[in-house]
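Structural overview
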Amino acid sequence: MDHDATSPIPDAHPHHDRALTGAFTAQAEGFNRSSAANDAGLLDAMLALAAPNASDAWLEAACGPGVISRRLAPHARTVHGIDLTPAMVRLAEQSAADAGVENATFAVGDATRTGLAEASFDGAITRFSLHHIPVPGRLLEELARVVRPGGAIVVADHLADDDPSAIAWSQEIERLRDPSHWASLTQERLQALALRAGLTPDGETIVGIELDLDDWLRRGSEDPEGHRLVERLLDEAPGTAARFRVGGEGPARSLGLDVWVGRFLR
């Protein structure tokens, strides 16, 4: 299959892309080591829904440091990861080499407009990407384009609450912590975007993950005023917040997130 990119495509949203690249350049090493990136339950759920075959070529879109690619590689013929942030791509390449993974390649690219050939992959997977992308349906449409008919697409992202006040509260925290955050989506909205992209549902699950809240905050913006405002908001949690859960006190503070994992057929 031909995975070569065509000529570069101009940025659709250059200001946000710069914010995204800047944020993830700073976060690359920390995210690669984080419990969010390496949560065993979530990785196992994603791999189970992907169900790759040894003859398959897979794409990891917005691959970050390539954690998913390294998990997929032993079960597929090839894995190709793309990410907008060069520092993430370099880290993905180095981490794969350190792990002895020889069938994974990585390149800098926009996951919403990859320039990759149509129907050139047997499957595609993405995690924690949609909440960073303006008009996130563009990513699902692009994955539908590059995956062959009958191929699988697996999407994972942490969910927004259904209650408007809980959504508003959590999104303020998210944007203060990381200016590249765009919007978390509800389960219903994620399902609707996949259907609009022409994808056929083929299974889903929700995995709860627990993060060290202070570690999660440290991996975001270094703006002291932003940190102060986040701490204020943490004390104002609405009782309706269920998908974005803050618990504990002091060094034992935790953040609980519900991550939706959906499998679709092209």
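Let me begin by describing the structure that accompanies this report. (Residues numbered from 1 in each chain as written. Predicted model: local features only at pLDDT ≥ 70, side-chain atom pairs only at ≥ 80, totals over all residues. Heavy atoms only, no water.)

Moving on, we come to empty space enclosed by the protein. In total, this model carries two cavities of 30 Å³ or more according to the counting rule given. Approximately 50 Å³ is the volume attributed to the second largest cavity. Forming the walls of the second largest cavity are Leu43, Met46, Leu47, Ala50, Ile68, Arg71, Leu72 and Ile125. Of all the elements in the fold, those that place two or more residues in the lining of the second largest cavity are helix H3 (40-50) and helix H4 (67-72). Per-element accounting of the lining of the second largest cavity gives the leading share, four residues, to H3. (1 Å grid on protein atoms, 1.4 Å probe; cavity = no way out; pocket = protein on both sides within 12 Å on 5 of 7 lines; lining within 4 Å. Points joined across faces, edges and corners; volume = space filled by probe spheres on them. Helix = DSSP H or I, 4+ residues; strand = E, 2+ residues; numbered from the N terminus.)

Quick look at the pairing of strand S4 (residues 121-127) now. The element S4 is largely enclosed, with a buried count of seven among its seven residues. Two elements, strand S1 (residues 57-61) and S4, share three bridges in a ladder whose sense is parallel. Across the sheet, residue Leu59 finds its bridge partner in S4, namely Ala124. The pairing of S4 with strand S5 (residues 147-158) spans six bridges and is classified as parallel. Within the sheet, the bridge partner assigned to Arg127 lies in S5 and is Ala156. A crossover connection joins S4 to the parallel S5 through helix H6 (residues 137-146); in handedness this β-α-β unit is right-handed. (Buried < 20%, exposed > 50% of the residue type's maximum accessible area, 1.4 Å probe, protein only. Pairing = 2+ DSSP bridges. Right-handed = clockwise from strand over helix to strand, strands pointing away.)

Let's shift gears to the nonpolar core. Buried together is how nonpolar side chains tend to be arranged in soluble globular proteins. Grouped together as the largest cluster of nonpolar side chains are 48 residues, with contacts concentrated most on Leu42, Met46, Trp58, Ile173, Ile209, Trp216 and Val261. No other element matches the seven residues that H3 contributes to this core. Those residues within four positions of Val261 in sequence are excluded, and the remaining contacts are Leu42, Met46, Leu49, Val154, Val155, Ala156, Gly203, Glu204 and Thr205. Core analysis: the next-biggest nonpolar cluster, separate from the first, contains 27 residues, Ala57, Ile153, Leu159 and Phe264 among them. (Core = buried A, V, L, I, M, F, W, Y, C linked by side-chain atoms within 4.5 Å. Contact = heavy atoms within 4.5 Å.)

This brings us to unusual backbone geometry. Positive phi, close to 45°, is recorded for Ala51, a residue that is not glycine. By secondary structure assignment, the location of Ala51 is in the loop between H3 and S1. The class for Ala51 is partly exposed, based on a relative accessible area of 46%. Even without being glycine, Val135 reaches a positive phi, approximately 55°. Take Val135: it is sitting in the loop between S4 and H6.

This part covers the side chain of Thr112. Mapped onto the elements of the fold, Thr112 is located in the loop between strand S3 (104-108) and S4. Thr112 gets classed as buried once you look at its relative accessible area, which sits at 8%.

In this section: the pairing of strand S7 (residues 244-247). As judged from the four bridges shared by S7 and strand S8 (residues 254-265), these two strands associate in the antiparallel manner. Each bridged residue has a counterpart across the sheet, and for Val246 the counterpart in S8 is Leu255. Hairpin connection, S7 to S8: the antiparallel pair is bridged by six residues, and Gly248 has positive phi, about 75°.

Relative to the helices and strands, Arg70 is located in helix H4. For Arg70, which is buried and forms no salt bridge, the nearest opposite charge comes from Glu60, at a distance of 7.7 Å. Within the structure, Arg70 has its side chain in polar contact with the backbone oxygen of Pro65 (distance 2.7 Å). The contacts of Arg70, once residues within four sequence positions are left out, are Asn32, Pro65, Ser95, Ala96 and Ala99. (Lys, Arg positive; Asp, Glu negative; His and termini not counted. Salt bridge = Lys/Arg side-chain N within 4 Å of Asp/Glu carboxyl O. Polar contact = N/O pair within 3.5 Å; in protein donor to acceptor, adjacent residues only side chain to side chain.)

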